[in-house]
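# Geometric and topological summary
Residues per chain are reported as follows:
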Amino acid sequence: MFSLKQNVSLKPYNTFGIDVKANFFADIYTVDDLMKLFTNSAIEGKKLLILGGGSNMLFTEDFDGVVVKLSIPGISYTTQGDEIIVTAGAGVVWNDLVTFCVNNGFAGLENLTLIPGTVGASPIQNIGAYGVELKDVFLSCEAFEIATLKTKMFSFEDCKFGYRDSVFKNDLKGKYIITQVSFRLTKIANLQTHYGAITAELTNRNIITPNIADVSAVVAAIRVSKLPDPSTIGNAGSFFKNPVITEAQFQELIQKFPDIVNYPVQNGVKLAAGWLIEQCGFKGKVVGNTGTWKNQALVLVNHGNASGQEVYSFSEQIINSVHTKFGVTLEREVNIL
Ligand code: FAD
Ligand code: EPU
């Protein structure tokens, strides 16, 4: 049963472990809870923050408004031949859904093993890892429109997915709350093992014909070796996006930096932000209570009692250094509040 709490610490609700407070906090379990919340006069005119697992957030100050935490549960599926349509509530922990699918032999989510956060947030930035993005398996999502208190279905086309991007971060920002997501999976696995680290780890394990569970296990092992576990060290994964630059700009850069890590993409060349940051001398650097992770310079961490402001200032320093050295402007992936 939903309740509206006041003056709530958000420390347990963000993986950076930043200690700020929210004026109001509502845990939402059903669409009906959303109706009740948005017809409650106590919150009229207040600022809103939709929250899943808080794994892509940096709080820099107290939140003077209502935090709407999505906890809608439930996983169900239907089978049509070799195709499985899986639907999960916005509050389902992303990796619980992955585990459910892997255990049932439903292929499609295995490369996205161990990404933190919730199902409801997964379309927002079109989560991706190890050669697969949410858009590759997304069928549709249901979302609650705050202005009309009505739910609406969004198709693949409606969502306008891009690299770490969707319509929900642009034209529809702040207008909808995703309540459930449906995925198109398959019993006939078309496993994506082309990502270098996956190939290497499969070889290392002497696995020649991997199955869904093998790919999931290998992805989990790679992630654990590279990324800090938020339960022991606060972080929000990659702090910046990998920048995409024009072919012309890339040709200039590669003359000066022949080792620059790059990937050709449709609209130019994508650079590895982690490499750029490492080249500026930041990898594993500790600055006060913050710094970058020793195995992955793209991940900013909270070494203890960092404030959001401290992490944010450090990220400014990184942006400036990378810009000075390479003429490339890094854009934050993490949502700053
Ligand atoms: P939150 O951080 O709570 O919210 C993120 C954004 O979505 C906010 O703007 C919020 O307002 C909005 N939002 C949340 N739920 C809803 C909803 N139901 N309806 C509408 N808006 C909503 N990301 C990747 O893509 N790939 C990775 O490999 C990856 N690795 C990570 C590794 C670590 C260690 C960490 C800490 C993070 C990583 N991330 C990665 C980032 C993060 O896990 C994803 O962005 C995830 O989808 C965030 O989910 P969340 O529920 O925590 O969202
Ligand atoms: N690199 C360095 N130094 C570093 C980090 C990376 O030189 O400190 C270089 C290496 O050459 C490495 C390359 O960068 O081979 C790429 O690194 P990695 O494979 O770790 O991936 P990434 O580009 O840094 C992206 C996503 C991750 C996702 C991984 C795996 C973004 C912003 N990040 O990271 O997503 O898990 O690929 O697919 O696209 C996230 O979004 O939070 C996230 C963790």
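See the structure printed just above.
First things first, this report covers the structure right here in the doc. All figures in this text were calculated on a predicted structure; none of them were measured in a lab.

Right, let's talk about the nonpolar core for a bit. Ranked by size, the top nonpolar core spans 43 residues in total, and within it Phe240, Leu271, Leu276, Ile277, Ile318 and Leu330 carry the most contacts. The dominant element in this core, judged by the number of residues it contributes, is helix α8 (residues 308–326), at 6 residues. Not counting residues within four places of it along the chain, the set of residues in contact with Leu276 comprises Pro243, Ile260, Leu271, Val322, Phe326, Val328 and Leu330. Grouped together as the second largest cluster of nonpolar side chains are 42 residues, Ala88, Val102, Val132 and Leu202 included.

Moving on to the sheet that holds strand β16 (residues 268–271). Spatially, 3 strands are ordered β14-β16-β15 in an open sheet, and the strand pairing comes out antiparallel. The open sheet terminates on both sides in strands that have one partner only, identified here as β14 (244–245) and β15 (262–265).

A word on the sheet that holds strand β6 (residues 75–80). Taken in spatial order, the 5 strands line up as β6-β7-β12-β10-β11 in an open sheet, and their pairing is antiparallel. Edge positions in the sheet fall to β6 and β11 (150–155), since each has one partner strand and no second. With direction set aside, neighbouring strand axes in the sheet form an average angle of 20°. Two elements, strand β10 (residues 138–145) and β11, share 6 bridges in a ladder whose sense is antiparallel. Opposite Glu145, over in β11, you have Lys150 as the bridge partner. Helix α1 (residues 31–38) rests against β10, β11 and β12 (176–186) of the sheet, and its axis sits at about 30° to β10. Helix α2 (residues 94–104) contacts β6, β7 (83–89) and β12 of the sheet and is inclined by roughly 35° relative to β6.

Moving on, we get to the site of ligand 2. With respect to spatial proximity, 23 residues lie near ligand 2, and among them Tyr130, Tyr163, Glu278, Gln296 and Glu333 are the closest. Contact distances for ligand 2 include 2.8 Å between an oxygen atom and a backbone N or O atom of Ser238. With respect to ligand 2, the side chain of Glu333 contributes an N or O atom lying 2.8 Å from an oxygen atom. Surface burial for ligand 2 is 82%, taken as the share of its 820 Å² of free accessible area covered by protein chains. At the level of secondary structure, the elements contributing two or more residues to the shell around ligand 2 comprise α5 (212–226), β13 (234–238), α7 (273–279) and β19 (296–302).

Every one of the 32 residues lining ligand 1 counts as a neighbour, but Ile50, Gly53, Ser55, Thr118 and Arg223 are closest to it. The contact in question runs from an oxygen atom of ligand 1 to an N or O atom on the backbone of Pro116, over 3.0 Å. Relative to its unbound accessible surface of 980 Å², ligand 1 loses 93% to contact with the protein. Only β3 (47–51), β8 (128–129), β12 and β13 provide two or more residues apiece to the shell around ligand 1. Partitioned by chemical class, the residues of the shell around ligand 1 number 16 nonpolar, 14 polar and 2 charged.

This paragraph deals with the pairing of β6. As defined by bridge partners, β6 adjoins β7 across 6 bridges and the pair is classed as antiparallel. Following the sheet pairing, Ser76 is matched in β7 by Thr87.

Below, the discussion takes up the packing of aromatic side chains. The tally for this structure, following the rule as stated, stands at 16 aromatic pairs. With a centroid separation of 5.8 Å and 75° between ring planes, the pair formed by Phe282 and Phe314 is classed as edge-to-face. Of the two residues, Phe282 is situated in the loop between α7 and β17 (286–287) and Phe314 in helix α8; the sequence distance between them amounts to 32 residues. Exposure class is identical for Phe282 and Phe314. Each is buried. Within the aromatic cluster, the residues linked to one another by ring pairs are Phe16, Phe239 and Phe240. Over the aromatic face of Phe154 sits the side chain of Lys152, whose NZ or CZ is 4.7 Å from the ring centroid. The ring of Tyr163 has Lys270 sitting right over it, with the charged end atom 3.5 Å from the ring centre.

The next point concerns the pattern of salt bridges. Per the counting criterion, the structure on display carries 10 salt bridges. Taking the shortest distance from any N to any O, the salt bridge between Asp32 and Lys36 comes out at 3.1 Å. One end of the pair, Asp32, and the other, Lys36, are both in helix α1, 4 residues apart, so they sit about a helical turn from each other. We classify Asp32 as partly exposed; its relative accessible area is 44%. Taking relative accessible area as the criterion, Lys36 reaches 37% and is therefore assigned partly exposed. Counted as one network, the salt bridges with shared partners bring together Glu133, Lys135 and Asp136.

Turning our eyes to something else, we now look at α8. Its 19 residues place the ends of α8 27 Å apart at the C-alpha level, agreeing with the 27 Å of an ideal helix rising 1.5 Å per residue. Looking only at α8, the buried set comprises Gly308, Val311, Phe314, Ser315, Ile318, Ile319, Val322 and Phe326. For α8, the buried positions fall inside an angular range of 145° around the axis, keeping them on one side. Buried residues belonging to α8 abut β4 (57–58), α6 (247–256), α7, β17, β18 (290–293) and β19. Backbone geometry just after α8 places Gly327 at a positive phi near 70°.

Turning our eyes to something else, we now look at unusual backbone geometry. One non-glycine residue, Leu114, lies in positive phi territory at about 70°. Judged by relative accessible area, Leu114 falls into the partly exposed class, the value being 33%. Although it is not a glycine, Tyr130 sits at a positive phi angle of roughly 50°. Within the secondary structure layout, Tyr130 lies in the loop between β8 and β9 (132–133).

How each quantity is defined
Residues numbered from 1 in each chain as written. Chains lettered and ligands numbered in written order. Predicted model: local features only at pLDDT ≥ 70, side-chain atom pairs only at ≥ 80, totals over all residues. Heavy atoms only, no water. Core = buried A, V, L, I, M, F, W, Y, C linked by side-chain atoms within 4.5 Å. Buried < 20%, exposed > 50% of the residue type's maximum accessible area, 1.4 Å probe, protein only. Helix = DSSP H or I, 4+ residues; strand = E, 2+ residues; numbered from the N terminus. Contact = heavy atoms within 4.5 Å. Pairing = 2+ DSSP bridges. Axes fitted to C-alpha atoms, helices over the stretch in contact; angles between N-to-C directions. Near = heavy atom within 4 Å. Polar contact = N/O pair within 3.5 Å; in protein donor to acceptor, adjacent residues only side chain to side chain. Areas by Shrake-Rupley, 256 points an atom, 1.4 Å probe, with all protein chains shown as cover. Nonpolar A, V, L, I, M, F, W, Y, C, P; charged D, E, K, R; others polar. Phe/Tyr/Trp six-rings, centres within 6.5 Å; stacked < 30°, edge-to-face > 60°. Lys NZ or Arg CZ within 6 Å of the ring centre and 35° of its normal. Salt bridge = Lys/Arg side-chain N within 4 Å of Asp/Glu carboxyl O. Expected span 1.5 Å × (residues − 1). Arc of directions from axis to C-beta.

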